[in-house]
Amino acid sequence: MADPVRALKDAQPVPFWLDDPARPDAASALVGDVRCDLLVVGGGYSGLWTALIAKERDPSLDVVLIEAQQAGWAASGRNGGFCEASLTHGLANGYQRWPDELGTLERLGAANLQAMEDSIGRHGIDCDWERTGSLVVATEPYQADGLAEFAELAARYGSRLDLLDQDAVRAEIDSPTFLGALWDREGVAMLNPARLAWGLRRPASTRACGSSSTPARPASPTPRTASPSAPRTAASAPAGWRWPPTPSPRCCAATARTPCRCTTTR
Ligand SMILES: Cc1cc2nc3c(=O)[nH]c(=O)nc-3n(C[C@H](O)[C@H](O)[C@H](O)COP(=O)(O)OP(=O)(O)OC[C@H]3O[C@@H](n4cnc5c(N)ncnc54)[C@H](O)[C@@H]3O)c2cc1C
């Protein structure tokens, strides 16, 4: 048997998606004091899309996004690239936990996926987004028997899943392993996750969002930069952002019209 250590000796420990010539350089660090309407901490999908949507809703907002490493560097740039409509990590899980709200959750999930697709299209983000759908496959007879029942459950909550018999699933995946499948044609897109993050950064920054290799640090009780001419400080801003132990980027969003001030250190 091949020695796995030898086999991997030339491997580079770089996440597949981030090992891309299109990877942009990290933005330069933000040093000093900045005032803004909305400060977003973290350049993953959550932060990048927050900044983008804030600017879309109100282009006059002064939005600053700070990132400790590089936009898309963390989970957002190294995930599996499956973008599912389901907000409950699958219908079966949602049915077990929230049967009464599942119809609403399914509807919101479908609208959310569509909104992502629309946003990607609106900003021309090149991330190989494709509504491939997904197949849930059966490899055992008892699983194949349950597929029709599952399709009925999905239909009750407004999702259409196409039932494939063995021949039909083999026409899609040429393997004798699969005895049947359910095809959710609409509820899943596949994409290049790193390119999505980099693409989200681009329209965000052209809309005057700053993006920097800048970590947010806990605000000190007596900021070194406090002065009479700049009375509002990171520590004293209403519901200001503190990290950790109570991360509160939401606080800045909630006080979007209240100037935030951040003091960054390197
Ligand atoms: C291996 C793996 C596979 C996955 N596969 C899938 C999948 O197929 N489909 C799916 O939908 N989801 C998947 N996920 C989950 C998905 O990737 C995450 O839910 C999503 O990327 C989280 O985005 P985020 O912006 O919240 O966090 P992150 O992408 O982690 O971004 C947070 C950012 O904040 C920055 N940051 C943190 N602290 C500070 C600070 N103090 N100051 C400044 N910046 C800071 C970090 O550097 C980071 O860049 C997967 C996750 C992993 C790890």
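Residues numbered from 1 in each chain as written. Predicted model: local features only at pLDDT ≥ 70, side-chain atom pairs only at ≥ 80, totals over all residues. Heavy atoms only, no water.

## Points about the side chain of E106
Link 1 in the chain: Mapped onto the secondary structure, E106 falls in helix α4 (residues 102–122).
Link 2 in the chain: A polar atom in the side chain of E106 sits 2.9 Å from the side chain of S159.
Link 3 in the chain: Ignoring sequence-local partners within four residues, the contact set of E106 consists of S86, L91, Y157 and S159. (Helix = DSSP H or I, 4+ residues; strand = E, 2+ residues; numbered from the N terminus. Polar contact = N/O pair within 3.5 Å; in protein donor to acceptor, adjacent residues only side chain to side chain. Contact = heavy atoms within 4.5 Å.)

## With respect to helix α5 (residues 141–156)
Link 1 in the chain: The terminal C-alpha atoms of α5, which comprises 16 residues, lie 24 Å apart, in line with the 22 Å expected from a rise of 1.5 Å per residue.
Link 2 in the chain: Helix geometry: α5 is bent most strongly at L147, by close to 30°.
Link 3 in the chain: Where α5 is concerned, the buried positions are L147, A151, L153 and A154.
Link 4 in the chain: Each element contacted by the buried residues of α5 is listed here: α3 (91–97), β5 (134–138), β6 (162–164) and β7 (180–184).
Link 5 in the chain: A positive phi of about 90° marks G158, the residue just after α5. (Expected span 1.5 Å × (residues − 1). Bend = angle between axes of the 7 residues up to and from the residue. Buried < 20%, exposed > 50% of the residue type's maximum accessible area, 1.4 Å probe, protein only.)

## Remarks on the packing of aromatic side chains
Link 1 in the chain: Evaluation of the coordinates by the stated rule reveals two aromatic pairs.
Link 2 in the chain: An angle of 80° between the planes, with centres 5.0 Å apart, marks the rings of F16 and W17 as edge-to-face.
Link 3 in the chain: We classify W17 as partly exposed; its relative accessible area is 23%.
Link 4 in the chain: Cation over ring: R78 sits above W73, and NZ or CZ is 5.5 Å from the ring centre.
Link 5 in the chain: Sitting over the ring of W183, R185 keeps its end group 3.9 Å from the ring centre. (Phe/Tyr/Trp six-rings, centres within 6.5 Å; stacked < 30°, edge-to-face > 60°. Lys NZ or Arg CZ within 6 Å of the ring centre and 35° of its normal.)

Just geometry here; none of it tells us what the structure is for.
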